[in-house]
Amino acid sequence: MQTTIENTKNIFDEKGEVSFGGWSRTPLFVYNKESYQPQNKLVERDSYYISNDRMGFYISVETVSNEVSIKLALADFERGEIVRDYINRKVWLEALPSLPESGKLGEFSYSDKRIALALTNTVEGRYIKCDFIDFNNFKNLYVKVLVKKTDGESMNTVAPFNDNPKCFFMKRFVPKFVASGVVRIGGEDYSLDEESSSVYFDWSRFVLPRRQQYQTLAGSVIIDGHRFAVNLASKVGNNSKGSENCYFIDNKLYKVGRLKVSGNDKSTDGEWLFHTAKGALDLRFVPDRHDGKTLSCKCDKTTIVFGKLYGIIDDIDGTLELDGERAHMIFGNL
């Protein structure tokens, strides 16, 4: 049975171990990383997906020990084109900055010969600034975006590993953001404003006993003036007390029960089906294709496939019909 946690709780106990699992509608889980040893095992990842009717922009930053991985992808929905690039670096001469732990304070900053990236949390919002030279061996990428939080709920989960209390998977999925600013590739500007933009923030921290494949169906769109977001993912750890599967309507969280998922994770061209046992959720993800090619890209070992969702979701507030709403799937390793 899933366990809803309603009080603030540290992730790690005095031994630096995780002894509980569950989920909450607000960020009640305190990531007290100072209690965990060795800290160079901790994997920390911040990902943003920012979109409007014209484009979708994905950025992910992951750090572990002295290594940093940055992945960016920009899909032009009107043209059916996608550009992407990534870097993997080890930082030897100075300490690698940590990703911000507070939603209001903290900054991650990294630069080398090709990229200068800053993720800055302020009271006003989260600033994303990036200059990437010769992005995708094509043109320079410039990003200056303010991601601003609005009112609403978030999905927060902690999953332990029964046979290893030093291992865990913690995730926050937060779709209650809007964006303003610009993403520019070469001389092409993709402007963003708060009314027409959709954003989700995917925050995860983990230590796993071994690497594993991980796939996620995600999206954040505006449907007839209402904001809809979805997060359906494969299992990591013991998530019996709180999986991360959920969707949001106008920033209100709805949990999803046990899912049956059908698809081929060896191919990015096929459709994926998502069903709950009683049929309250019945969705089909169809990859976008242009000139016979799937709208997808590979950033290092992560593959992003852009497509559309079809189907229905029944809840206590009624039935939501999805008829070609934009979404994407992310395939990779943790």
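Above this text you will find the structure in question.
Residues numbered from 1 in each chain as written. Predicted model: local features only at pLDDT ≥ 70, side-chain atom pairs only at ≥ 80, totals over all residues. Heavy atoms only, no water.

1. Describing the overall build of the protein
Our working rule: Helix and strand definitions here come from DSSP, where helices need a minimum of 4 consecutive H or I residues and strands a minimum of 2 consecutive E residues; each element is numbered from the N-terminal end. The atom set for the radius of gyration is the C-alpha atoms, and the globule formula is 2.2 Å times the number of residues raised to the power 0.38. The cut-offs for exposure are 20% and 50% of the maximum accessible area for each residue type, with area from a 1.4 Å probe on protein chains only; residues under the lower value are buried, those over the upper are exposed, and the others partly exposed. Only heavy atoms enter the contact rule, under which two residues are in contact if any of them lie within 4.5 Å. Methods summary: accessible areas were calculated by the Shrake-Rupley approach with a probe of 1.4 Å, and residue burial reflects only the protein chains presented. When charges are counted, Lys and Arg contribute as positive and Asp and Glu as negative, whereas His and the chain ends are disregarded. Lys charges are placed at NZ, Arg charges at CZ, Asp charges at CG and Glu charges at CD.
From N to C terminus, the protein includes 0 helices and 27 strands. Relative to the globule expectation of 20 Å for 334 residues, the C-alpha radius of gyration of the protein, 19 Å, shows essentially globular dimensions. The dimensions of the protein, computed from C-alpha atoms along their principal axes, are 55 × 55 × 40 Å. Counting over 334 residues, the protein shows a buried share of 52%. In the protein, 53% of the contacts between residues at least 6 apart in sequence involve partners at least 24 apart. Working note: accessible area of the protein is about 15600 Å², and carbon and sulfur atoms make up 46% of it. One way to put it: in the protein the 45 positive side-chain charges average out to a point 6 Å from where the 46 negative ones average out.

2. Considering the pattern of salt bridges
Stated formally: What counts as a salt bridge is simple: a side-chain nitrogen of Lys or Arg found within 4 Å of a carboxyl oxygen of Asp or Glu.
Evaluation of the coordinates by the stated rule reveals 17 salt bridges. The partner of Arg 79 in a salt bridge is Asp 76, with the nearest N and O atoms 3.9 Å apart. The exposure class of Asp 76 is buried, given its relative accessible area of 4%. With a closest N to O distance of 3.4 Å, Asp 112 and Arg 89 form a salt bridge. Residue Asp 112 is located in the loop between strand 8 (107–111) and strand 9 (115–121), and its partner Arg 89 is located in strand 7 (residues 81–90); the two are separated by 23 residues in the primary sequence. Using a relative accessible area of 33% as the deciding quantity, one classes Arg 89 as partly exposed.

3. Considerations on unusual backbone geometry
The residue after Gln 37, namely Pro 38, is reached through a cis peptide bond having omega -5°. Here Pro 38 shows up in the loop between strand 3 (29–30) and strand 4 (43–51). In this model, Asp 250 sits at a positive phi of 50°, which is unusual for a non-glycine residue. As for its position among the elements, Asp 250 is in the loop between strand 18 (246–249) and strand 19 (252–255). Among the residues examined, Asp 250 registers a relative accessible area of 40% and is labelled partly exposed.

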